[in-house]
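Residues per chain are reported as follows:
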2 protein chains.
Amino acid sequence: MKKSFAKFLTASIFTFGLAGLTTSVGAGSLEDVMKARGLTEKDLLAAAKTYTPTGGRDEFIVFSSGGQSGQVIVYGIPSMRILKYVSVFTPEPWQGYGFDDESKAVLAQGKINGKTINFGDTHHPAISETKGEYDGQYLFINDKANPRMAVVDLKDFETKQIVVNPIMKSEHGGAFVSPNTDYVIEASQYAAPRENGYVPLSQFNEKYRGAVTYWKFNREEGRLDPSKSFSVELPPYSQDLSDFGKGPSDGWSFTNSFCSERYIGGIEKGRPPFEAGCSQKDTDFVHMINWKKAAEVAAAGKVKMINDHPVIMMDTAVAEGILFLIPEPKSPHGMDVSPDGKFFIVAGKLDTHASVYSFEKVIGLINAKDFAGKDPYGIPILDLKKSLHTQVQVGLGPLHTQYDSKECVVYTSIYVDSQVTKWDYCEGKVLDKINIHYNIGHLMSMEGDSVTPQGKYLVSLNKLAIDRFNPVGPLHPQNHQLIDISGDKMQLLYDMPLPLGEPHYAVAIKADKLKPKVRYKVGWNSRTDQKSEYRTRPGREKIVVKDGVTHVYGTLIRSHITPEIIEVEEGTTVSLHFTNVERAEDETHGFAINNVDVNLSAEPGKTVSTTFLADRPGVYPYYCTEFCSALHLEMQGYLLVRPKGMKVENASVSEGQAYAQSDYDKQVKTNVATQEVIDSVVGYIVARNYKDFAPVLALVEDATDQLNFAADSKKKSEDAAGKSDWQNATLWAQQWFQYQVKAADIGLRAKTYLDEHGAKVVQ
Amino acid sequence: MKKSFAKFLTASIFTFGLAGLTTSVGAGSLEDVMKARGLTEKDLLAAAKTYTPTGGRDEFIVFSSGGQSGQVIVYGIPSMRILKYVSVFTPEPWQGYGFDDESKAVLAQGKINGKTINFGDTHHPAISETKGEYDGQYLFINDKANPRMAVVDLKDFETKQIVVNPIMKSEHGGAFVSPNTDYVIEASQYAAPRENGYVPLSQFNEKYRGAVTYWKFNREEGRLDPSKSFSVELPPYSQDLSDFGKGPSDGWSFTNSFCSERYIGGIEKGRPPFEAGCSQKDTDFVHMINWKKAAEVAAAGKVKMINDHPVIMMDTAVAEGILFLIPEPKSPHGMDVSPDGKFFIVAGKLDTHASVYSFEKVIGLINAKDFAGKDPYGIPILDLKKSLHTQVQVGLGPLHTQYDSKECVVYTSIYVDSQVTKWDYCEGKVLDKINIHYNIGHLMSMEGDSVTPQGKYLVSLNKLAIDRFNPVGPLHPQNHQLIDISGDKMQLLYDMPLPLGEPHYAVAIKADKLKPKVRYKVGWNSRTDQKSEYRTRPGREKIVVKDGVTHVYGTLIRSHITPEIIEVEEGTTVSLHFTNVERAEDETHGFAINNVDVNLSAEPGKTVSTTFLADRPGVYPYYCTEFCSALHLEMQGYLLVRPKGMKVENASVSEGQAYAQSDYDKQVKTNVATQEVIDSVVGYIVARNYKDFAPVLALVEDATDQLNFAADSKKKSEDAAGKSDWQNATLWAQQWFQYQVKAADIGLRAKTYLDEHGAKVVQ
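Residues numbered from 1 in each chain as written. Chains lettered and ligands numbered in written order. Predicted model: local features only at pLDDT ≥ 70, side-chain atom pairs only at ≥ 80, totals over all residues.

## What about the overall build of chain A?
Okay, so step 1: The helix and strand inventory of chain A stands at 13 helices and 46 strands.
Okay, so step 2: Looking at chain A as a whole, 63% of its 763 residues are labelled buried.
Okay, so step 3: Counting only contacts in chain A whose residues sit at least 6 apart along the sequence, the fraction spanning at least 24 positions is 63%. (Helix = DSSP H or I, 4+ residues; strand = E, 2+ residues; numbered from the N terminus. Buried ≥ 20, exposed ≤ 12 C-beta atoms within 10 Å, placed from the backbone. Contact = placed C-beta atoms within 7 Å.)

## What about the relation of the copies chain A and chain B?
Okay, so step 1: With an RMSD of 0.0 Å, the operation that places chain A on chain B is a rotation of 180° combined with a shift of 0.0 Å along the axis. Accordingly, the operation relating the two chain copies is best matched by a two-fold axis. Judged by C-alpha distance, A:Ala47 is the residue of chain A that lies nearest the rotation axis, at 2.8 Å.
Okay, so step 2: Looking at the interface residues of chain A, 100% of them are also at the interface in chain B, so both copies use one shared face. (Least-squares fit on C-alpha atoms with pLDDT ≥ 70 in both.)

## Quick word on the sheet that holds strand β31 (residues 455-462) of chain A
Residue and element names in this part refer to chain A.
Okay, so step 1: Spatially, β30-β31-β32-β33 is the arrangement adopted by the four strands of the open sheet, whose pairing is antiparallel. Strand pairing shows two members of the sheet lacking a second neighbour, β30 (440-446) and β33 (491-498), which therefore form its edges. On average, adjacent strands in this sheet sit at an angle of 20° to one another, irrespective of strand direction.
Okay, so step 2: Examined bridge by bridge, β30 and β31 share five bridges and lie antiparallel to one another. Note on β31: the bridge partner recorded for Leu443 is Ser460.
Okay, so step 3: Relative to β33, helix α3 (residues 41-50) is tilted by about 65°, and along the sheet it contacts β32 (478-484) and β33. (Pairing = 2+ DSSP bridges. Axes fitted to C-alpha atoms, helices over the stretch in contact; angles between N-to-C directions.)

## Some thoughts on the interface of chain A and chain B
Okay, so step 1: Tallying the contact residues gives 216 residues for chain A and 216 residues for chain B.
Okay, so step 2: Among the elements that take part in the side of chain A that touches chain B, helix α13 (residues 726-756) of chain A stands out by supplying 13 residues, more than any other.
Okay, so step 3: Class assignment of the residues belonging to the side of chain A that touches chain B gives a composition of 101 nonpolar, 69 polar and 46 charged. (Nonpolar A, V, L, I, M, F, W, Y, C, P; charged D, E, K, R; others polar.)

## Some details on the environment of B:Asn218
Okay, so step 1: One can find B:Asn218 in strand β11 (residues 208-218).
Okay, so step 2: Note: C-alpha distance between B:Asn218 and B:Thr181 (37 residues apart in sequence) is 8.8 Å.

## Quick word on the domain arrangement of chain A
All names here are of chain A.
Okay, so step 1: Segmentation of chain A into domains returns domain 1 (61-513), domain 2 (524-642) and domain 3 (661-756).
Okay, so step 2: Each of domain 1 and domain 2 has a C-alpha centre, and the two are 42 Å apart.
Okay, so step 3: Taken together, the contact pairs 14 residues of domain 1 with eleven residues of domain 2.
Okay, so step 4: Listing elements by their share of the side of domain 1 that touches domain 2, those giving two or more residues are α4 (101-108) and β7 (158-164).
Okay, so step 5: Looking at the side of domain 1 that touches domain 2, the element that brings in the most residues is α4, giving five residues. (Domains from an automatic or database assignment.)

## Describing the packing of helix α12 (residues 694-722) of chain A against α13(A)
Residues and elements named next belong to chain A.
Okay, so step 1: At a minimum axis separation of 8 Å, α12 and α13 run at an interaxial angle of 165°. When the interaxial angle is binned, α12 and α13 end up roughly antiparallel. Crossing angle aside, the handedness with which α12 passes α13 is left-handed.
Okay, so step 2: A per-class count over the contact of α12 with α13 returns 20 nonpolar, seven polar and five charged. (Parallel < 35°, antiparallel > 145°, perpendicular 65-115°, else oblique. Left-handed = near helix turned anticlockwise from the far one by under 90°.)

## Remarks on α13(A)
Residues and elements named next belong to chain A.
Okay, so step 1: For α13, spanning 31 residues, the distance from its first C-alpha to its last is 44 Å, which sits close to the expected 45 Å at 1.5 Å a residue.
Okay, so step 2: Summarising burial for α13: 26 of the 31 residues are buried, a large majority.
Okay, so step 3: Just beyond α13, the residue with positive phi is Gly758, at close to 65°. (Expected span 1.5 Å × (residues − 1).)

## A few points about the confidence of the model for chain A
Residue and element names in this part refer to chain A.
Okay, so step 1: Averaged over all residues, the pLDDT of chain A equals 94, while 96% of them reach at least 70.
Okay, so step 2: For the stretch residues 16-26, pLDDT sits under 50, and the model shows 26 contacts to residues farther than four places along the chain or on other chains.
Okay, so step 3: Confidence estimates for the predicted assembly give a pTM of 0.96 and an ipTM of 0.96. (pLDDT = per-residue confidence, 0-100.)

## Quick notes on helix α3 (residues 41-50) of chain B
Okay, so step 1: Of all ten residues in α3(B), eight are buried, a share of seventy percent or more.
Okay, so step 2: Within α3(B), burial applies to B:Asp43, B:Leu44, B:Leu45, B:Ala46, B:Ala47, B:Ala48, B:Lys49 and B:Thr50.
Okay, so step 3: Where the residues of α3(B) are buried, they touch α2 (30-37) and α3 of chain A together with α2 (30-37), β31 (478-484) and β32 (491-498) of chain B.

## With respect to the sheet that holds strand β4 (residues 126-130) of chain B
Residue and element names in this part refer to chain B.
Okay, so step 1: Taken together, four strands build an open sheet; the order of strands is β4-β5-β6-β7 and the sheet is antiparallel. Edge positions in the open sheet fall to β4 and β7 (158-164), since each of these has one partner strand only. Along the sheet, successive strands turn relative to each other by an average axial angle of 30°, direction set aside.
Okay, so step 2: Pairing geometry for strand β6 (residues 148-153) and β7, over six bridges, is antiparallel. Bridged to Val151 within β7 is Gln161.

## Considering the packing of α3(A) against α2(B)
Okay, so step 1: Between α3(A) and α2(B), the least distance of the axes is 9 Å, while the angle of their chain directions is 10°. When the axis of α3(A) is compared with that of α2(B), the two are roughly parallel. Contact residues: A:Leu44, A:Leu45, A:Ala48 and A:Lys49 in α3(A); B:Leu30, B:Val33 and B:Met34 in α2(B).
Okay, so step 2: When its residues are assigned to classes, the contact of α3(A) with α2(B) shows six nonpolar, no polar and one charged.

## Details of unusual backbone geometry
Okay, so step 1: Of the consecutive residues A:Ile77 and A:Pro78, the connecting peptide bond is found in the cis state with omega at 15°.
Okay, so step 2: With respect to the helices, strands and loops of the structure, A:Pro78 is situated in the loop between β2 (71-77) and β3 (82-87).
Okay, so step 3: Here the amide bond leading from A:Arg558 into A:Ser559 is cis, since omega sits at 0°, within 30 degrees of zero.
Okay, so step 4: Within the fold, A:Ser559 resides in the loop between β38 (549-557) and β39 (560-562).
Okay, so step 5: Located in the positive-phi region is B:Asn113, a residue other than glycine, with phi close to 50°.
Okay, so step 6: Considering the arrangement of structural elements, one finds B:Asn113 in the loop between α4 (101-108) and β4.
Okay, so step 7: For B:Asn113, a count of 12 C-beta atoms within 10 Å puts it in the exposed group.
Okay, so step 8: Its identity is not glycine, yet B:Phe157 carries a phi of approximately 60°, on the positive side.
Okay, so step 9: Since 24 C-beta atoms lie within 10 Å of it, B:Phe157 is described here as buried.

## Points about the environment of A:Thr130
Residue and element names in this part refer to chain A.
Okay, so step 1: Note that Thr130 resides in strand β4 (residues 126-130).
Okay, so step 2: Sequence separation between Thr130 and Glu233 is 103 residues, and the spatial gap between their C-alpha atoms is 28 Å.
Okay, so step 3: The contacts of Thr130, once residues within four sequence positions are left out, are Asp135 and Asn180.

## Digging into the pairing of strand β20 (residues 332-337) of chain A
Residues and elements named next belong to chain A.
Okay, so step 1: Judged by how many residues are buried, β20 sits mostly within the fold: six of six residues are covered.
Okay, so step 2: Where β20 and strand β21 (residues 343-348) come together, four bridges link them in antiparallel fashion. Among the inter-strand pairings, Val337 is bridged to a residue of β21, identified as Phe344.
Okay, so step 3: Here β20 hands over to β21 after five residues, with Gly341 in that stretch at a positive phi of 75°.

## Observations concerning the pairing of strand β18 (residues 323-329) of chain B
Residue and element names in this part refer to chain B.
Okay, so step 1: With respect to burial, β18 is a largely interior element, seven of its seven residues being buried.
Okay, so step 2: Neither face of β18 is open: one carries Leu323, Leu325, Pro327 and Pro329, the other Phe324, Ile326 and Glu328, and all of them are buried.
Okay, so step 3: Where strand β15 (residues 283-290) and β18 come together, seven bridges link them in antiparallel fashion. Looking across to β18, one finds that His287 is bridged to Leu325.

Next comes the structure, spelled out in structure tokens:
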């Protein structure tokens, strides 16, 4: 009834393996399918522009904030497939983030007043820039709810650092980077007392304040440096989004605001709500800050230290000529500097216009000290009309503007109209409009806020999906719509639901600028980017008691955890450290243990740890949580916690299954036959130009490792057989076979890859 | 320079609104696009089969486990777009899950030995069934790491209940439901002592045990009922997946196993690892249990109470004739009963066969007491060959089998070969193979484990994406590949990356069977499915001190939080309760407050709460975290915590901005003009057959609400003007305008919907 394993292996690799590559087009002609699915020709074109066949690559990679999920969402354009959720402010067990000791240390940096905050309200991601161009090295993301800023390293897509803003109680306008990523902006939103502590609302005008913090970035270390960062105190207007100048405006930053009415609510006392009191005036203020000069002022010590953080107070800022205000129509949101740095565009969400400010005019007014007045805090105000290049009526509820690669062309999101308006900011005229579904917030063009926007695509970040997708209960997904902007008219291409989180802003980078690595150096602490003090190597696993903690230095490799049995006494603090000693790029292992709140994710090379108190006698299975091989379920072990004071037993373990010489002989026969098949696969591969295919080279390296392991098990098996220890001889022969299966698995993948990529016979 | 707001509103609605509907096909012909993107005709056909234009619906909805993310992933077929992550075992702030008091109570049900476990390793979701058909009412999902079972209600896609398995330390084989969802199976994996407590591994064979728990489901209450649930004790084999019989096999359940060798590892002592010791024997065991009879035995009290849970011990199970073993080749994974209940298919991952067992033969052997022997625990073993219908060589590392709508046709996932094999289990022959990328675990056909599989599509749940997508660092996404099975040959249609979590199994249901609701009854606790004791209504907001806790009964509506100012004394325990009083289906509001670890998600109607100690004097801004309207950023407030003992001040608040009669007059003029536009939109809508469009009816209802609110603010404004209180008159006039803007926003959406859906003039 059964072929031998080895015979089948041969058949599988050399017959079915190729036969499996079906090539016919299959059921249904294109017209039949279009008719059955109700697709128009326009739909088909959109499908062709977005569909990405197996193995295909996206042209741009998007980093989107995840809103109150506290994460960053990574997806591809034009396929609109989500590739990863990167946890930043919120623990997430699949990644082990906030579960392993190493990442807990990152999250602990984000404690505020000693309190753990297990989420973030992420809003505006920013990619690091070099000379105003996205360089793809780092991503910065803010937390509105608890003012913090995080750094994600794009080498491994992991969160490396969280810094807490020392003077804010609320923010919104971050992250934005200066053209060389010297500084990252975080701007406050709802005003609060500068110091911690209680100040009654009756003193709002006098003691509540806003601010912009300039976080210094140390690119060599890949970390923000709080010791070299500073803030500029601002009036208690609700500061909003920011942008850095570039080119002629380099050295300046721009932060808009709403509620310059300084209304303080009180609906519970019968007064009109904030929304009325914060939207009555026709204009609010752009805050224009000379940050290069501010950095000098801060370096010169002309600051007030608040919570150990240097703050340039408003009177200093005014006296030093680094802070100015420009009126902007009404309750604006976006603040977007043009690629050449000559203009910045603002749109008031309760106005119908987008306003284009000329930096040349603005700086002229400042240099001429031509001011229209001062605000209640003594800050010079520029004249609105004198500052404007033009204003264009773009729609109801304009929010945010993005730049095309085409000169003078921009796109503005129109919230109330649920549209995107394409317009010319040089000539000041509307070019095109497109309906979106529905209620767009931000929008994003490709590298649109860099000095070299890439054009091609625009993404509309819509807030209210409602009827766009199959319903999934009262909490709807958001909807990101992909729009083709390559032609004169905008074309809607794709609706993408957001399954988790509520994105606010996103940034898109050319995919080929990203160079993420696929594995770590062996024994790597990925959160500190240093070798882990807890790393170990195969054969060197050990248990060490130090300072009252039982440290287990273990390894993970398909398909076993070393050690497999750990026994400790009740009351022991146990610290498990596992190094994934795989070199295959896809061989991530996980680790979970019963009744300990932990999942570890150990990608190849990584060392991860978990520390807990074994406070309850019992038996706690542990296992690999990431499906890693055919024998994944057998990648298991037991932690035994012995009651305090109980003597360690030395009882011999009874075998559940006894093996005889015949079992050994049978297994060896299988293994010998299997090896012949593996040799033939190796022959097939080395007869071809496999060295021209990097993934195959990596597979061959991995398969060689597995065959070395097999040889090691074979020796143990033969040694045991030499002592007529048939129990261990049989089991080591089985382990030898298991390594053969792993090698065969890899060899098969290598062969398939060569077949599918047109490898040629070279011998 | 500026048109009036109202004039622009008119232009926007009646001119640009229609002009925005671009209809030309845009840049590039189909051939150009295909050439530029390197698409073949086969690719284009796959694109046409999967691309879903804006507003289009998917035919099937998939519920996939999220693995160690502790979540359930919901996506559509054929679009392969992820619609939602439903949090189950892991807190997730976007949903407020594990952050609001109501869902914290659900997570608290999952504590083990008093310990909070903030993740789960979800494996096998199951949809509730009626007469063996998916009914779309409930979803069950298990946690392997800490044996638990959760219930998700598909009315609102929320987790309602978590139960802790009272006797297991590890599981894997859940959830599986009986044909009418009377019971849900959870089967153990790694054996452990039945009771809690320490037992040395030397007593593994004698004192470690497996089990299958049958959780009783109370459909009326939508909850599992631990008081009516029971378990059957099993030998210390590693039990794996299960399935319930149906039709002729109804009343029986089947659970397979690996490591029937009962190996207990020890690589750290120089012994072969678990993977060798657990895979040496050529066969393991299917456990066949007569669960209907077992339920009677449990009801009759023939059980041992372990941790207050009734367990039918093995000797009782044997004596009562409810437990049998059948050999199965080697280290199997899937266990899949045929739609007609006549067969069950098992595949040994270290065998190359799938084995088809005949229930008729098996039950014949049992009835004839024709046993081949007994296992070490006295359980009768059936003869393998006598139990089989057939065995088919399907590939290297077969794991799991799914049924087609076509008679006798099944699909088996082949891990090592990275293929899916299509075969005929009646005739016992292979029909087709297709390569997948790479290393498939489970696979899933549409309603494939029900009595009426739907055919059409198959999803291959692949483990190792590596080179399929743009790289995103060492931790790769998984890859779900959609395969067209409507023709004779399988056709690969789509690669979907999984951005978060590691799915194991998934289930797909016809989309039209799901009837999720879009809003809650006002004041609803969605976790208990009862009215919340903390609900309130607009105008009835209040602060009540009870049992030392300051309870705030508040409301959320676009765009204000009532109350806007909350002041308490340091040391107060504050419990905030917010009811979202919106009726518009998409008007979810969120709530976050500085330095409190909370995000609330309040969908329309829901009441959500957060309780915390205000232990630090200060000023803590709060705000709506879900972008809800143009004035979303202004949906804000302040919690002030006064130092202990400080006197409440009665200082009057100075206005940041003063308004005169001219401001009032100007605002009223705007409002009157705006109302004319709104009236014309209303005229446009009511002149058409808008009542034929349910979404428009809902929008009209919502707009009417907003206009009523506007009228209320108008009255307040006029009352203040009557007293020459221009400050409040102006601000209430602004609030009146804000409600008009909201009404216009809704009206515009209604008009767009009518335009896009071919509404007709009826007057």
